[in-house]
Amino acid sequence: MTGQPPLTGIKVLEFAGLAPDLLTRHKTSIALDLKSSPNAVTLVRALACKADVLIDPYRPGVLERLGLGPSDLCPLNPRLIYARLTGFRRDGRFAAMAGHDINYLSVSGALALLGRRGQPPTPPGNLLGDFAAGGAGLVMGVLMALLARERNLGGGCKGQVVEVNMVDGAGYLASFPRFAKRTPAWDRGRGENLLDSGCPWYDAYQTKDGKWMAVGALEPRFFGELVRGLGLEGQGWEEGRRYDRAEWPELRRVFEDVFRGKTREEWEVVFEGTDACCTPVYEYGEMEGDERKEGDQRPAVTLRETPWLAVRKDASDVSHGQGPGVEGDGYAGYPLEAGHGGEETLREWMGWSRGDQYEVKGGGLVLKDKAKL
C-alpha cells in the first residue's frame with residue numbers, strides 16, 4: 001500500500017507573483033492591502049507562525065519595508081523556511097532594476113549561447129530563467145532546507161533563509177557549455193558548434209508535410225543507423241567525410257533534401273525502434289489526448305512508495321509515480337482569483353471564520369480586534 005505524497009502537510013505561504021498565474025493547483029488565495037493596513041501585516045505574521053515555507057518573489061527590500069522580512073518573521077517561527085527568489089542577484093549591479101527572463105539570461109551568459117549562426121540570440125520563451133533557473137532552483141533549495149531541518153542540521157530543527165536568483169541559476173544550468181567553450185565541442189561562435197545547430201547531425205529537418213524530425217546521431221554507430229535509414233549508404237559519410245567541417249554544408253543540404261522527400265509520419269515508420277536518434281518533433285496541440293505520442297502528462301519524478309498526485313483525475317498509476325488523481329488536466333491551467341478558497345485555508349490553519357476573527361471589505365480581508373494571534 002502506497003503512502004501519501006512526500007510533502008503532505010507542509011504549509012506554504014506564497015506572496016503573489018506574475019508568472020505562476022496558471023500554476024494554481026492546490027492553491028488558495030486571500031487578498032490583503034499590505035501597504036496601507038497594519039492590520040494586514042499582523043495577519044501575515046500570524047500565518048507565518050503556522051507556515052513551514054514562505055515564498056518571497058519580489059525585488060530585494062519589498063517585504064522588508066513592510067516589516068515582513070526574514071528578520072521580522074523567522075524569530076516568530078524558528079522552523080520557518082524563508083525562500084526568496086529574484087531575477088538578478090540580490091547584491092549585484094542590476095539588483096534594483098526591473099527585468100524579465102530574457103534580461104536575466106542575457107547577463108548570465110546563457111542567452112549568448114542560444115540561436116543559429118548569424119542570427120540574434122534567441123530567448124527560449126521563459127523556460128530557462130523563470131521555470132528552470134528560478135522556480136526549479138527554488139524548489140531544490142526549499143527541499144534541501146526541509147531536509148536539513150528534519151535532520152536537525154545546525155541544531156534545534158530550525159528553518160533558514162533560502163535565496164535563489166535566475167542569473168546564478170541559469171549560469172549553473174549552463175555549466176557544461178561554459179566548460180565546453182574551452183574544448184573543440186563548443187569553441188566557436190553561436191550556432192557553429194556540435195550541439196547548438198552548427199552540426200548537421202544534431203539539428204531538426206523539415207519534412208514533406210511541413211513538419212519536423214529531430215536528429216541527434218552523435219556516435220558513429222548511431223550515425224550509421226541514420227545514414228542507412230535515409231538511404232545514404234555508400235557515399236562515404238559514415239567514414240571521414242562527416243568529420244570534415246568543410247563538408248558540413250554539403251551534408252546539411254543532403255539531409256534537407258532527403259527529409260523533404262517523405263512526410264513526418266513516413267519517417268516515423270522508418271526510424272521507430274532504431275538507434276538512429278531520429279525522432280518526430282511533436283507539438284502540444286497534437287499530443288493532447290494522444291498517448292501514442294506520449295502526450296499524457298505525468299509527474300516529472302516517479303516515487304513508487306509515496307507517489308505524486310496524478311496530473312489527471314482518472315490517471316492514477318503507481319507504476320508511473322502517480323497517486324490519486326486531482327481535478328484538471330495537464331493542458332489546462334486555471335487562474336486563481338483573489339480570495340478563492342482562502343477562507344477555508346484560514347479555517348484549517350488558524351481556526352478562524354468570517355465574522356469572528358475577520359471580515360471581507362472591498363474584496364480584501366480585514367482582521368478584527370478580537371482575533372487571537
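Residues numbered from 1 in each chain as written. Predicted model: local features only at pLDDT ≥ 70, side-chain atom pairs only at ≥ 80, totals over all residues. Heavy atoms only, no water.

Definition in use: UniProt positions are given in the numbering used here, feature names are shortened, and annotations may be inferred rather than shown by experiment.
Under the annotation held in an unreviewed UniProt entry, the chain carries the name CoA-transferase family III domain-containing protein and is attributed to Chaetomidium leptoderma. Recorded in UniProt under Sequence similarities (unreviewed entry), the annotation for the chain is "Belongs to the CoA-transferase III family."

### Comments concerning the overall build of the chain
Under the convention used in this document: Only DSSP runs of H or I covering at least 4 residues are called helices, and only runs of E covering at least 2 are called strands; the numbering of each starts at the N terminus. Burial classes: relative accessible area under 20% of the type maximum marks a residue as buried, over 50% as exposed, and values in between as partly exposed (1.4 Å probe, protein chains only). Residue contacts are counted whenever heavy atoms from the two residues lie within 4.5 Å of one another. Methods summary: accessible areas were calculated by the Shrake-Rupley approach with a probe of 1.4 Å, and residue burial reflects only the protein chains presented.
When helices and strands are counted, the chain shows 12 helices and 11 strands. Here the C-alpha coordinates of the chain stretch approximately 85 × 50 × 45 Å along the principal axes. Here the chain holds 373 residues, and the buried ones make up 36% of them. In the chain, once contacts between residues fewer than 6 apart in sequence are set aside, the share between residues at least 24 apart is 60%. Per element, the accessible surface of the chain, about 21300 Å² overall, is 54% carbon and sulfur.

### Quick word on the pattern of salt bridges
Pairs may arise between side chains of opposite charge once their charged atoms sit close together. What counts, and what does not: The salt bridge definition used is simple: a Lys or Arg side-chain nitrogen within 4 Å of an Asp or Glu carboxyl oxygen.
One pass over the structure, following the stated rule, counts 25 salt bridges. Two residues, E250 and R253, come together in a salt bridge whose shortest N-O distance is 3.0 Å. You can see E250 and its partner R253 sitting in helix α9 (residues 248-259), 3 residues apart, about one turn around the helix. Here E250 falls in the partly exposed class, since its relative accessible area comes to 32%. Given a relative accessible area of 45%, R253 falls into the partly exposed group. Across the pair R264 and E286 runs a salt bridge whose closest N-O atoms are separated by 2.6 Å. Pair noted here: R264 is in helix α10 (residues 264-271) and E286 is in helix α11 (residues 284-287), with a separation of 22 residues, a long-range link. One connected set of salt bridges, linked through shared partners, spans D52, R79, R149 and E150.

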